[in-house]
Amino acid sequence: MIQYTSYKQPDSFSPAEEEQVLDFLFTHLEQYGDARQDIQRCLDYALYRDGKAGGMIFTARDEDKLVGAVVINHTGMTGYIPEHILVYIATHKDCRGQGIGQQLMQMAIAETTGNIALHVEPDNPARKLYEKLGFTNKYLEMRLNK
């Protein structure tokens, strides 16, 4: 049976859990992932380190095995930019298609106040989940990388 947990306070998330989530995301984001140090920076932000706005972490476990994780960070821009950004969502490659990602997203939506933004590549299969949950594509994102 899958157990879902939300972590909203930085002191409720142990260093061992943080390391496990870091390893999990690095492995299971696959081609949609980031460098390990970037994932760590995201977790630092979510855990309110160095004066950051903070966020929330949601996990799914099958007994002691981590099978899903979501990281949402607060933007601190209420009213003109969505209040939260979904930075990472991943399910274990052997558990995909079982509704774990959907359950994690439903928890995240229920436990946040305000709007949630996310970035998704057009070919990412998770895009269908986001659309099913009510996310829409309002803007074309453009970036200037310096």
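Cut-offs and rules
Residues numbered from 1 in each chain as written. Predicted model: local features only at pLDDT ≥ 70, side-chain atom pairs only at ≥ 80, totals over all residues. Heavy atoms only, no water. Buried < 20%, exposed > 50% of the residue type's maximum accessible area, 1.4 Å probe, protein only. Helix = DSSP H or I, 4+ residues; strand = E, 2+ residues; numbered from the N terminus. Pairing = 2+ DSSP bridges. Right-handed = clockwise from strand over helix to strand, strands pointing away. Salt bridge = Lys/Arg side-chain N within 4 Å of Asp/Glu carboxyl O.

Some points on the pairing of strand 4 (residues 84-91)
The element strand 4 is extensively covered by neighbouring structure, given that six of its eight residues are classed as buried. Across seven bridges, strand 3 (residues 65-74) lies against strand 4 in antiparallel orientation. The partner of Asn-73 across the bridge, within strand 4, is Ile-85. Strand direction decides the pairing type here: strand 4 and strand 5 (residues 116-118), joined by three bridges, are parallel. Considered in strand 5, the bridge of Leu-86 is made with Leu-118. In this fold, strand 4 hands off to helix 3 (residues 100-111), which returns the chain to strand 5; that crossover is right-handed.

Description of the pattern of salt bridges
Scanning all chains against the criterion turns up eight salt bridges. Between Arg-127 and Glu-131 there is a salt bridge whose closest N-O contact spans 3.2 Å. Of this pair, Arg-127 and Glu-131 both sit in helix 4 (residues 126-132), four residues apart, which is roughly one turn of that helix. One network of salt bridges, with partners in common, ties together Glu-18, Asp-44 and Arg-49.

Re the pairing of strand 3
In summary, the side chains of a regular strand alternate between the two faces of the sheet. With nine of 10 residues buried, strand 3 lies mostly within the body of the structure. Across eight bridges, strand 2 (residues 55-62) lies against strand 3 in antiparallel orientation. When the bridges of strand 3 are listed, Phe-58 appears paired with Val-70. Following strand 2, the chain reverses through two residues before pairing antiparallel with strand 3; Glu-63 in that reversal takes a positive phi of roughly 60 degrees.

Bear in mind that shape data such as this cannot, by itself, settle questions of function.
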